[in-house]
Amino acid sequence: MSQKMLLSSKEMNIILHRLACQLVENHTTFENSVLIGIQPRGTFLANRIASILKEEYGISGVKMGQLDITFYRDDFRRSDKPLEANKTHIDFVVEDKRVIFIDDVLYTGRSIRAALTAVQSFGRPSEIELLTLIDRRFSRHLPIQPDYNGRQVDAINEEKVKVNWKENDGEDAVYLISK
Ligand SMILES: O=P(O)(O)OC[C@H]1O[C@H](OP(=O)(O)OP(=O)(O)O)[C@H](O)[C@@H]1O
Ligand SMILES: O=c1cc[nH]c(=O)[nH]1
């Protein structure tokens, strides 16, 4: 196995600030907008974006949720590894809200397809956008694209993009892992 760094901590930081800035451009005060991190790894990105909104733009109290999609995946019965469900925590209704899904990597699009189904239990949003740190373009199985994206990555199916977060993995970095 070999790994190559795609983004350093410094580069990630620049991208995170740009993504937060693009959100502010579109959502201004976030009065009617909510952030939903896709479990598990999208929640780290959602927390970082929320911190930047607060620290850089003074936008605090943005509604934040975490959505687990495990049992909404179309391939969950095919999984050969034990399923590990995470917590869904959405303590607000999404009815008529502008929802922003946040995930670290967009690959086939199946996780986001599952999230679109899962979120319906919490109401009918007026719109749903997608923010991702890494878009593995040319790998999609479904017509799903990010509205806000950090970096496009071209990788073959045998490779994996791994996003590390300081609070979980001890460092901020993105790696391309070849098996
Ligand atoms: O567009 P997709 O093909 O659905 O891939 C994207 C998803 O893949 C990753 O999670 P994964 O299910 O690989 O879990 P893990 O890497 O945290 O084990 C990542 O955090 C995204 O949620
Ligand atoms: O490269 C990939 C593909 C799916 N999910 C990841 O986290 N990385």
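What counts, and at which threshold
- Residues numbered from 1 in each chain as written.
- Chains lettered and ligands numbered in written order.
- Predicted model: local features only at pLDDT ≥ 70, side-chain atom pairs only at ≥ 80, totals over all residues.
- Heavy atoms only, no water.
- Near = heavy atom within 4 Å.
- Polar contact = N/O pair within 3.5 Å; in protein donor to acceptor, adjacent residues only side chain to side chain.
- Areas by Shrake-Rupley, 256 points an atom, 1.4 Å probe, with all protein chains shown as cover.
- Helix = DSSP H or I, 4+ residues; strand = E, 2+ residues; numbered from the N terminus.
- Expected span 1.5 Å × (residues − 1).
- Salt bridge = Lys/Arg side-chain N within 4 Å of Asp/Glu carboxyl O.
- Buried < 20%, exposed > 50% of the residue type's maximum accessible area, 1.4 Å probe, protein only.
- Nonpolar A, V, L, I, M, F, W, Y, C, P; charged D, E, K, R; others polar.
- Pairing = 2+ DSSP bridges.
- Axes fitted to C-alpha atoms, helices over the stretch in contact; angles between N-to-C directions.
- Contact = heavy atoms within 4.5 Å.

Participant: Could you clarify how one ought to interpret the site of ligand 1 in this entry?
Facilitator: Residues in contact with ligand 1, as listed here, are Arg41, Arg73, Asp103, Asp104, Val105, Leu106, Tyr107, Thr108, Gly109, Arg110, Ser111 and Lys160. Within the contact set of ligand 1, an oxygen atom lies 2.9 Å away from a backbone nitrogen or oxygen of Tyr107. Between an oxygen atom of ligand 1 and a side-chain N or O atom of Thr108, the distance comes to 2.5 Å. Contact with the protein chains hides 71% of the accessible area of ligand 1, taken as 500 Å² for the molecule alone. Among the elements of the structure, β4 (98-106) and α3 (110-118) are those that each provide at least two residues to the shell around ligand 1.

Participant: Explanation requested: helix α1 (residues 9-27) in the structure shown.
Facilitator: Helical geometry: 3.6 residues make up each α-helical turn, so side chains three or four residues apart lie on a common side. Taking 1.5 Å of rise per residue, the 19 residues of α1 would be expected to cover 27 Å, and the 27 Å separating its terminal C-alpha atoms lies within 8% of that figure. Positive phi appears at Thr28, one or two residues downstream of α1, with a value of about 45°.

Participant: What am I meant to see in the pattern of salt bridges here?
Facilitator: Between side chains of opposite charge, a pair can form when the charged atoms approach closely. Inspection of the entire model under this criterion finds 10 salt bridges. For Glu167, the salt bridge goes to Arg48, with nearest N and O atoms at 2.7 Å. On the criterion of sequence distance, the pair formed by Glu167 in helix α4 (residues 166-169) and Arg48 in helix α2 (residues 42-57) is long-range, its members being 119 residues apart. A residue is classified by how much of its surface remains accessible, and Glu167, at 45% relative accessible area, is partly exposed. Among the ionic contacts, a cluster of salt bridges with common partners joins Arg41, Asp104, Lys162 and Asp169.

Participant: Could you clarify how one ought to interpret the site of ligand 2 in this entry?
Facilitator: Close to ligand 2 lie Val105, Tyr107, Arg136, Lys160 and Val161, which account for all nearby residues. Within the side chain of Arg136, one N or O atom sits 2.6 Å away from an oxygen atom of ligand 2. Val161 is positioned with one of its backbone polar atoms (N or O) 2.7 Å from an oxygen atom of ligand 2. When ligand 2 is considered free in solution it has 240 Å² of accessible area, and contact with the protein chains removes 77% of it. Its residues assigned to classes, the shell around ligand 2 comprises 3 nonpolar, no polar and 2 charged.

Participant: What exactly am I supposed to notice about the sheet that holds strand β3 (residues 63-67) here?
Facilitator: Through backbone hydrogen bonds, the strands of a sheet pair up, either in parallel or in antiparallel fashion. Strand order across the open sheet formed by 5 strands is β3-β2-β4-β5-β6, with parallel pairing between neighbours. Among the strands making up the open sheet, the edge pair consists of β3 and β6 (148-152). The mean inter-strand angle of the sheet, taken between neighbouring strand axes irrespective of direction, is 25°. Sheet analysis places β4 next to strand β5 (residues 127-135), joined by 8 bridges and oriented parallel. Note that in β5 the partner of Phe101 across the bridge is Leu130. Its contacts with the sheet put α2 on β2 (33-38), β3, β4 and β5, and the angle it makes with β2 is roughly 145°.

Participant: So what exactly am I meant to see when it comes to the pairing of strand β8 (residues 173-178) here?
Facilitator: Side-chain positions along a regular strand alternate between the two faces of the sheet. Burial runs high along β8: 5 of the 6 residues are buried. Alignment of strand β1 (residues 2-7) against β8, held across 5 bridges, turns out to be antiparallel. Residue Met5 lies in a different strand from β8, and its bridge partner there is Tyr175. Bridge count between strand β7 (residues 159-164) and β8: 6 bridges; the pairing is antiparallel. Bridge pairing in β8 links Val161 to Leu176.

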